[in-house]
Amino acid sequence: MSNFAYFPHTDDDIREMLDRIGVGSVDDLYGDVPADFMYRGDFGLPDAMSEQQVREFFEKLDSKDSKLKVFAGAGAYDHYTPAVIPYIVSRSEFLTAYTPYQAEISQGTLRYIFEYQSMMCILTGMDAGNASLYDGPTAAAEAARMALSCTKHKTRILISRTLLPNVIDVIETYSGYHGIQLGYISEDKGQTSLSSLNSELSKGDVAGIIVPGINKYGVIEDLSGYADAVHDEKGVMIEYCDPSSLAVIKTPGDWNADIAVGDGQSLGIPLCFGGPYVGFMTCKKEYVRKMPGRVVGETRDSDGKRCFVLTLQAREQHIRREKATSNICSNESLMALFVTVYLSLMGKEGMKRVNDLSYGKAHRLYSGLLETGLFSDVFHRPFLNEFTLESKIPANELQRKLMDAGFFAAIEVGEGLVSFCVTEKRTEEEIDALLKTVKEVRL
Amino acid sequence: MKYYDKLIFELSKKGRIGFSLPECKEGETSDSIPGNLKRQSPPDLPQVSEPDVVRHYTNLSQMNFGVDTGFYPLGSCTMKYNPKINEEIANMPGFQALHPLQPDSSVQGALSVYYGLDKALSAITGMEHFTFGPCAGAHGELTGLMIMRKYHFLRGDMKRTKVIVPDSAHGTNPASAVSCGLDVVVVKSDAEGLVDVDSLKPLLDDTVAGIMMTNPNTLGLFEKNIKEIAALVHGCGGLLYYDGANLNPLLGVARPGDMGFDIMHVNLHKTFSTPHGGGGPGAGPVGVSKELVDCLPVPRVVRNDDGTYGIIRSDKNSAGTVSGFMGNFGILLRAYAYILMLGKQNVKSAGRLAVLNANYIKESLKDCYKLPITGLCKHEFVFDGLIDDGSRDATPDSEEIKGVTTLDVAKRLLDYGFHAPTIYFPMLFHQSIMIEPTETESKETIDSFITAMKKIAEEAKNDPDSLRKAPHLTPIKRPDETAAARNPVLTFMDEKNAVRI
């Protein structure tokens, strides 16, 4: 056996252990594996690296990535991460713990999940939530399936064309295999069309609809009348929302939605090339038992002390197997902790401040871009920190020029349409530098 | 561990803040959002200072057990040591700052991580290529089954709607199959605990999409008939799915691809040392054989002819898109670092030492705990409760005494400073205790676990009442789970916010 820092066995240990087992060598323990399956090569691996070599290997890779100032969103938002969060989240009692099935030695994990569920309900205006899901798009796909079980005997889900494209992709993939029929609600000048919704609803068999709170253009959608329309057809309304924005814009609860889903990444989680993030799901109380995923609840121990446990497990795969509400048997627990610490630090006032700062800076860039004469606003709708303009410069050329100047901006979101996003993290100097670069692009 | 009873909401006091952000200058704020779109009152989040937050979560952490605290003999969970260098690498500021939609040319370092990890995992498992979209093992299963269905669809073979699952399988297998729109057909185990080949044969026809197998299975037994099973399933046009939850004993020893498996997932948070994080984030990359590469989900990283890396974002043969961006990149970094540290020298010890540890525990405890399946195990094995559980029939002089259960044994282990094993799974036995030690536990740790298990066996005979009330030394005693489910309280409530489910 090799001598390696992670493996504690000495040669003497191995010999003593083999003696007790009653075999002559470690390979004898594989006597039941057909000999031709025992692999004799090097598994295509290089020589083992030392810790320093590994560090240098990744530092070199890291240096090959361009360090860009992010002026883009589209489902991943560059908000500031307070120093406290990585400090707490990297504590090994949290980091190296297993799923909290043994409640007696997992009260740390269980309590923060309970706080997380509470905070997500406060933000979304809903009654109950689960312990988190993989990411926003998969949470939306799970919600589609949940809508079917909330309504019984219906097969169709309507999704808005203004949802982020990756959300639509994942819903389509999941639904296609699961046998959910999808219908589409078209868009009208940058917003989900209520008349298209009504005409799709009139075709019947609609279990639920999925509409965004803030859509792929950054437009804050006016969802008045949507819940009534879908409830009249005995379906449920699912809102896909950006949780950070819910501190200042109407919540799924305000719109009378039944299920809220989205990605918690905007609550201070680093971009990290797309993951790990954290999907969330909250709902009205009547649908709690239809939810996928883990749920933490409060109870008492045998001495009467307040404590927390995983609960409502009769929905889950390890009990129900093929009858479970979903195959999900984990959550993004550590990222839920991330979000919980973020929301604790930011609190009531900080969440308003972060949105105010982003709003002001995004509108500054918006005005500046319009002033260049190279862009026009085709929607004229309210937005928070992300907006879409029609660009006279071809989208890919604009993106490349901005990248050369050190910015990631101008994601193409439609024919001739580009989106920008500005969070509180961007400075006025950076905004002005971006505008200067745009002005230098020759048509 | 000491009991700490606060929730962050209970520390809140009006006017306190825990953030540090500049004041808003003059100009527009979110107050300018039209009234019909605006939230009417601010969210009632806690108002706490930064020291409050740090102390609160530090106190919470001290009620938690982790791999860094002690030994987890947790079957099918592979709770190995989580190397610290991996954390530093995943937290390098450059990687952390990458937006997932940045142009390919600006993320060549990140893309080379996908490419390098794909190559390494493929070589270790005998697969052709991997997708990194799935964020967990169960997510990998679902993705793998999507690939399986897509493969059959592309060949115009539309009637394959069944998937065969052994009765010893993890619960996620049947749940994933149903999520993917497949019907589950259960094949039973034989007396040895292996898939019963004679029961399998009549199930095989042209409606079978494939079989999901765990090898070694959840009893820790190598499915030694796998060659025959592969030939039978392939013979009827079906595919073989490998549940990678139990890959660890084969790490550096044998490759699922060589055994006839077509699709598999790998739990990076098990076999490849990334932390479990209290339930996630993990990653469940899915590998496929050569014939299935076109069906892999998008986006997918490829190496261009000029040596640069690019991303395929759509492909008509692809099974689809299974997560928002490119999977859990931060977890992939950790796993890749682990593989590079293993290298060709250390990889060959990993599975072998895990199997050594498991067999050593099994042989050391089989005089106290019922061993329903004897002989060699791989990385894990299952006891079926205590040999003498302390139960006594009623006599004229005394009442009947009920036996100590597996739950009691598990809870008592917490008092001895160990995590509990996986219990009541697999469901083939009534008192299952499933033990998996992993290769990163020393002989001393394992010996002390064995001693504790033997002491508990003695206590079952001499002091069963104390066992039934265990644990005694943890921050809380046994929780009332029935009450939690009957009257769910799922959010923090004060008088005014009370929501009863």
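Relevant structure appears above.
Scoring rules and cut-offs
- All residue numbers refer to position in the chain's written sequence, counted from 1.
- Here the convention is simple: chains get letters from A, ligands get numbers from 1, in the order in which they are written.
- Per-residue local features are limited, in this predicted model, to residues with pLDDT of at least 70; the limit for side-chain atom pairs, both in listing and counting, is 80 or more; totals at the level of whole chains, interfaces and linings are taken over all residues.
- Heavy atoms from the whole structure form the basis of all side-chain values; hydrogens and water molecules are not counted.
- The pairing criterion is simple: DSSP has to find at least two bridges between the two strands.
- Runs of H or I in DSSP of at least four residues are treated as helices and runs of E of at least two as strands, each being numbered from the N terminus.
- Each axis is a line fitted through C-alpha atoms, taken for helices only over the stretch in contact, and angles between the N-to-C directions span 0 to 180 degrees.
- Residues are treated as being in contact if the distance between any of their heavy atoms lies within 4.5 Å.
- Roughly parallel covers angles under 35 degrees, roughly antiparallel covers those over 145, roughly perpendicular covers 65 to 115, and oblique covers all other angles.
- Crossings are classed by handedness, with left-handed meaning an anticlockwise turn of the near helix from the far one by less than a right angle and right-handed meaning a clockwise turn.
- Just so you know the grouping, Ala, Val, Leu, Ile, Met, Phe, Trp, Tyr, Cys and Pro go in nonpolar, Asp, Glu, Lys and Arg go in charged, and all remaining residues, Gly too, go in polar.
- By salt bridge we mean one thing: a side-chain nitrogen of Lys or Arg within 4 Å of a carboxyl oxygen of Asp or Glu.
- Burial here depends on accessible area, computed with a 1.4 Å probe over protein chains only, as a share of the maximum for the residue type. Under 20% is buried, over 50% is exposed, and the range in between is partly exposed.
- The nonpolar core is taken to be a set of buried Ala, Val, Leu, Ile, Met, Phe, Trp, Tyr and Cys residues, with the residues joined through side-chain atoms within 4.5 Å.
- Grid spacing is 1 Å over the protein atoms alone, the probe is 1.4 Å, and a cavity is where that probe fits but cannot get out, while a pocket is an open set with protein on both sides within 12 Å along at least five of seven lines and lining residues have an atom within 4 Å of a point.
- Grid points are joined across faces, edges and corners, and a volume is the space filled by probe spheres set on the points.
- A domain assignment, automatic or from a database, supplies the domain bounds used here.
- What counts as buried area is the accessible surface, traced by a 1.4 Å probe, that two parts surrender upon association, with contributions from both included.
- Whenever a nitrogen or oxygen atom comes within 3.5 Å of another N or O atom, the pair is scored as a polar contact, on the condition that within protein one atom can donate a hydrogen and the other can accept it, and that pairs from neighbouring residues in sequence are kept only if both atoms are in side chains.

S.K.: Can you help me understand the sheet that holds strand β5 (residues 239-242) of chain B in this one?
M.R.: Within a sheet, adjacent strands bond to each other through the backbone by hydrogen bonds, running parallel or antiparallel. Residue and element names in this part refer to chain B. Strand order across the open sheet formed by seven strands is β1-β7-β6-β5-β4-β2-β3, with mixed pairing between neighbours. In this open sheet, the two strands that pair with only one neighbour each are β1 (129-131) and β3 (183-187). When strand polarity is set aside, the average angle formed by the axes of neighbouring strands in this sheet is 25 degrees. Relative to strand β6 (residues 263-265), β5 runs parallel, the two sharing two bridges. When the sheet's bridge partners are listed, Y242 is paired in β6 with M264. Against the sheet, helix α5 (residues 137-154) makes contact with β1, β2 (162-166), β4 (208-213), β5, β6 and β7 (286-288), and its axis sits at roughly 170 degrees relative to β5, the strand it touches most.

S.K.: Explain the packing of helix α2 (residues 51-63) of chain A against helix α9 (residues 329-365) of chain B to me, please; I cannot follow it from the model alone.
M.R.: When two helices pack together, their arrangement is given by the angle between their axes and by how far apart the axes lie. The N-to-C vectors of α2(A) and α9(B) enclose an angle of 140 degrees; their axes lie 10 Å apart at closest approach. As summarised for this structure, α2(A) and α9(B) are arranged oblique, according to the angle between their axes. The element α2(A) and its partner α9(B) pack so that their crossing is right-handed. From α2(A), E51(A), V54(A), F57(A) and F58(A) reach across to α9(B), where they touch L333(B), Y336(B), A337(B), L340(B) and M341(B). Tallied by class, the residues present in the contact of α2(A) with α9(B) amount to eight nonpolar, no polar and one charged.

S.K.: Explain the pattern of salt bridges to me, please; I cannot follow it from the model alone.
M.R.: Two side chains bearing opposite charge may form a pair once their charged atoms approach each other closely. Counting across every chain of the model gives 54 salt bridges over all chains. Its salt-bridge partner being D157(B), residue R160(B) comes within 2.6 Å of it at the nearest N-O pair. Residue classification places D157(B) among the buried residues on the basis of a relative accessible area of 17%. Of the charged contacts in the structure, one is a salt bridge between R392(B) and D388(B), with a shortest N-O distance of 3.4 Å. Residue classification places D388(B) among the partly exposed positions, given a relative accessible area of 25%. Within this structure, K69(A), D78(A), K425(A), R426(A) and E430(A) form a network of salt bridges that share partners.

S.K.: Hey, could you run me through the environment of S105(B) in this one?
M.R.: Residue placement: S105(B) occurs in the loop between α3 (93-96) and α4 (108-125). Overall, S105(B) belongs to the partly exposed group, its relative accessible area being 48%. With 205 residues separating them along the chain, S105(B) and G310(B) place their C-alpha atoms 8.0 Å apart. If sequence neighbours within four positions are ignored, S105(B) has contacts with S66(A) and M403(A).

S.K.: Would you take a moment to explain the nonpolar core for this structure?
M.R.: Across soluble globular proteins, nonpolar side chains have a tendency to be buried as a group. Grouped together as the largest cluster of nonpolar side chains are 135 residues, with contacts concentrated most on M237(A), L343(A) and Y57(B). If one sorts the elements of this core by residue count, helix α11 (residues 333-371) of chain A sits on top with 15 residues. What M237(A) contacts, discounting residues up to four positions off in sequence, is I209(A), V211(A), L223(A), Y226(A), A227(A), V230(A), H231(A), W255(A), A257(A), D258(A) and I259(A). F4(A), F37(A), F273(A) and I361(B) belong to the second largest nonpolar core, which has 117 residues in total.

S.K.: What's the story with empty space enclosed by the protein in this structure? I'm lost.
M.R.: The gaps of empty space that remain are located by a probe, the size of a water molecule, rolled over the atoms. One pass over the full model with this rule turns up 11 cavities of 30 Å³ or more. Of the voids in this model, the largest cavity is the one considered here, and its volume is about 200 Å³. By residue class, the composition of the lining of the largest cavity is nine nonpolar, five polar and four charged. Split by domain, the residues of the lining of the largest cavity number at least three in each of domain 2 (69-80 + 347-440) and domain 3 (84-341) of chain A. A volume near 170 Å³ is recorded for the second largest cavity. Looking at the second largest cavity, it is lined by 18 residues, and the ones nearest its centre are T131(B), F132(B), G133(B), P299(B) and R300(B). Broken down by secondary-structure element, the contributors of at least two residues to the lining of the second largest cavity are α4, β1 and β8 (300-303) of chain B. Take the lining of the second largest cavity: its biggest share by element is three residues, from α4(B).

S.K.: Looking at this model, I keep getting lost on the side chain of N248(B). Mind explaining?
M.R.: Note on placement: N248(B) falls in the loop between β5 and β6. In contact with N248(B), other than residues within four places in its own chain, are T78(B), K80(B), T271(B), G351(B), A354(B) and E439(B).

S.K.: What exactly am I supposed to notice about the interface of chain A and chain B here?
M.R.: Frequently, the measure chosen for interface size is the accessible area that the parts lose on association. Listed as interface residues are 185 residues of chain A and, on the opposing side, 203 residues of chain B. Roughly 17000 Å² is buried in total at the junction of chain A and chain B, and carbon and sulfur atoms are behind 64% of that figure. When the buried surface of chain A facing chain B is broken down by residue, E104(A), Y177(A) and F273(A) rank first, second and third, together holding 6% of it. For the pair chain A and chain B, the interface holds 15 salt bridges. Across the pair D5(B) and R111(A) runs a salt bridge whose closest N-O atoms are separated by 2.8 Å. Between chain A and chain B we count 101 residue pairs in polar contact (both at pLDDT 80 or more) in total. The greatest single-element share of the side of chain A that touches chain B, amounting to 24 residues, is contributed by α11(A). Class assignment of the residues belonging to the side of chain A that touches chain B gives a composition of 91 nonpolar, 46 polar and 48 charged.

S.K.: I tried to follow the sheet that holds strand β9 (residues 259-263) of chain A on my own but got confused; where do I start?
M.R.: Residues and elements named next belong to chain A. As summarised here, the arrangement of the seven strands in space is β2-β10-β9-β8-β7-β3-β4, forming an open sheet in which the pairing is mixed. For this open sheet the edge positions go to β2 (128-129) and β4 (181-185), each flanked by a neighbour on one side alone. Bridging between β2 and strand β10 (residues 279-283) involves two bridges; their strand directions are antiparallel. Note that in β10 the partner of A128 across the bridge is C283.

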